[in-house]
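Given next are the chains, with one letter for each unit.
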Amino acid sequence: MTLQSFRNTFAGNPLDRVSERRSDPEWVAGRLADADSLAVAIWNGKPLVESDGSGGVRIAYFPAELAKELSGGEERLLFLGMWREQAVFALDIEGSADPAEGPLRGVGAFEDLRAISLRLVPADAAILATAKQMFEWRRRHRFCASCGQPSDAVDGGWKRRCRACGVEHFPRTDPVVIMLPYFGDRCMVGRGASWPEGRYSALAGFLEPGETIEEACARELYEEAGLRTVRVHYHSTQPWPYPSSLMIGLLAEVADDQAAPDQTELSEVRWFTREEARALLDGEIADATAPGQMAIAHQLLRAWVDGGNPGD
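Just so it is clear, the structure is predicted and the values come from calculations on it, not from any experiment.

Description of helix H6 (residues 274-281)
Right, on to step 1. Residues Ala277, Ala279, Leu280 and Leu281 constitute the buried set of H6.
Right, on to step 2. Elements in contact with the buried residues of H6: strand E12 (186-191), strand E16 (268-273) and helix H7 (296-307).
Right, on to step 3. Residue Gly283 follows H6 closely and has a positive phi angle near 75°.

Considerations on the packing of aromatic side chains
Right, on to step 1. This model, assessed by the stated rule, comprises six aromatic pairs.
Right, on to step 2. Grouped by ring-pair contacts, the aromatic residues Phe10, Trp240 and Tyr242 constitute a single cluster.
Right, on to step 3. The ring of Trp304 carries Arg274 above its face, with NZ or CZ at 4.1 Å from the centroid.

Details of the pairing of strand E15 (residues 245-254)
Right, on to step 1. With eight of its ten residues buried, E15 lies for the most part within the structure.
Right, on to step 2. Pairing of strand E11 (residues 174-183) with E15, which is carried by nine bridges, proceeds in the parallel orientation. Within E15, the position partnered with Pro175 by the bridge is Leu246.
Right, on to step 3. In this structure, strand E14 (residues 229-240) lies alongside E15, joined through ten bridges in antiparallel fashion. Along E15, the bridge assignment pairs Thr229 with Val254.
Right, on to step 4. From the end of E14 to the start of E15, which pair antiparallel, there are four residues.

Concerning the environment of Arg76
Right, on to step 1. Along the chain, the position of Arg76 falls in the loop between helix H2 (64-71) and strand E5 (77-83).
Right, on to step 2. Expressed as a C-alpha distance, the spacing of Arg76 and Ala218, which sit 142 residues apart in the sequence, is 41 Å.
Right, on to step 3. In contact with Arg76, not counting residues within four places along its chain, are Ser71, Ala90, Leu91, Asp92, Glu94, Phe135, Arg138 and Arg142.

Let's talk about the sheet that holds strand E9 (residues 159-162)
Right, on to step 1. Spatially, E8-E9-E10 is the arrangement adopted by the three strands of the open sheet, whose pairing is antiparallel. Looking at the sheet topology across the chains shown, the edges are occupied by strand E8 (151-154) and strand E10 (168-169).
Right, on to step 2. In the sheet, E9 pairs with E10 via two bridges, with the strands oriented antiparallel. Pairing of Arg161 across the sheet is with Glu168, part of E10.

A few points about the environment of Ser71
Right, on to step 1. Assignment of secondary structure puts Ser71 in helix H2.
Right, on to step 2. The class of Ser71 is buried, set by a relative accessible area of 9%.
Right, on to step 3. Considering only alpha carbons, one finds Ser71 and Asp282, 211 residues apart in sequence, at a separation of 45 Å.
Right, on to step 4. If we skip the residues at most four places from it in the chain, Ser71 touches Arg76, Leu77 and Leu91.
Right, on to step 5. Here the side chain of Ser71 touches Gly73 through a polar contact of 3.1 Å, landing on its backbone oxygen.

Remarks on unusual backbone geometry
Right, on to step 1. With omega at 0°, the peptide bond leading from Tyr242 into Pro243 counts as cis.
Right, on to step 2. Backbone geometry at Phe10 places phi at a positive 80°, although glycine is not the residue there.
Right, on to step 3. Position of Phe10 among the secondary structure elements: in the segment before helix H1 (25-33).
Right, on to step 4. Given a relative accessible area of 3%, Phe10 falls into the buried group.
Right, on to step 5. Positive phi, normally seen in glycine, also occurs at Asp155, with a value near 55°.
Right, on to step 6. By the secondary structure assignment, Asp155 is in the loop between E8 and E9.

Definitions and limits used
- Residues numbered from 1 in each chain as written.
- Predicted model: local features only at pLDDT ≥ 70, side-chain atom pairs only at ≥ 80, totals over all residues.
- Heavy atoms only, no water.
- Buried < 20%, exposed > 50% of the residue type's maximum accessible area, 1.4 Å probe, protein only.
- Helix = DSSP H or I, 4+ residues; strand = E, 2+ residues; numbered from the N terminus.
- Contact = heavy atoms within 4.5 Å.
- Phe/Tyr/Trp six-rings, centres within 6.5 Å; stacked < 30°, edge-to-face > 60°.
- Lys NZ or Arg CZ within 6 Å of the ring centre and 35° of its normal.
- Pairing = 2+ DSSP bridges.
- Polar contact = N/O pair within 3.5 Å; in protein donor to acceptor, adjacent residues only side chain to side chain.

Quick look at the structure:
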């Protein structure tokens, strides 16, 4: 589904998930056996891609029938959705042997998704992120959280059902608030102690049970930097398959600029004027590096630089 809104990297999956059909195992099996159906492969979290001939890369598709053959069963298969009349599946592969040197020789090469994300067309990046996130969920939820017994993949891989107690488990997405605080004509970014020297980004934290998005934003800013939040403005969201988060991008007006990093989440904070922030994004600050373009933190900083303070 395509929506007319700001779109971050990994958003905008063009496939129709046809959730009303994937609960029918015979229908899914029919799509898997269809000679026109395609598959993508993920090996140890890395997608199979090929050169697009112009410096970028694209998904290296192969017949879904081969994915079925290599999968050994439904556990390693995922029905991603339909592209018009064509079904698309994903195959999860683990192990030390590179399948591109074995059963998938000549199809493509396995590459780190984060490293190639900006070389993919947005639709391909979104499809691969969906497959990666779903397989990460499968890896972490092989056993029933209710009784501890093994669970099986059903509904084309979008649900797990316990063999013993029958409890059904659904894919988990963890909401994360990520915010750029600003005061007057300056915004603030921070860095963690383990980050590369000079690397700065927006502040972020997981949404806790019983919190609104605004409350989580205010809590995180106070906990990490001692800042009191005045107003919160929504910008956009980003699926983040590391391993399974939804980044909720915000711009947050704060009461003052007296930030104090907590030395746990943040080791340092730094304020930038609008012109300084623009220079940071353009790579013109010698001792500071902005978040990369694939990250929603980059887009928050760009939005504040280009659009000013929300509500002004």
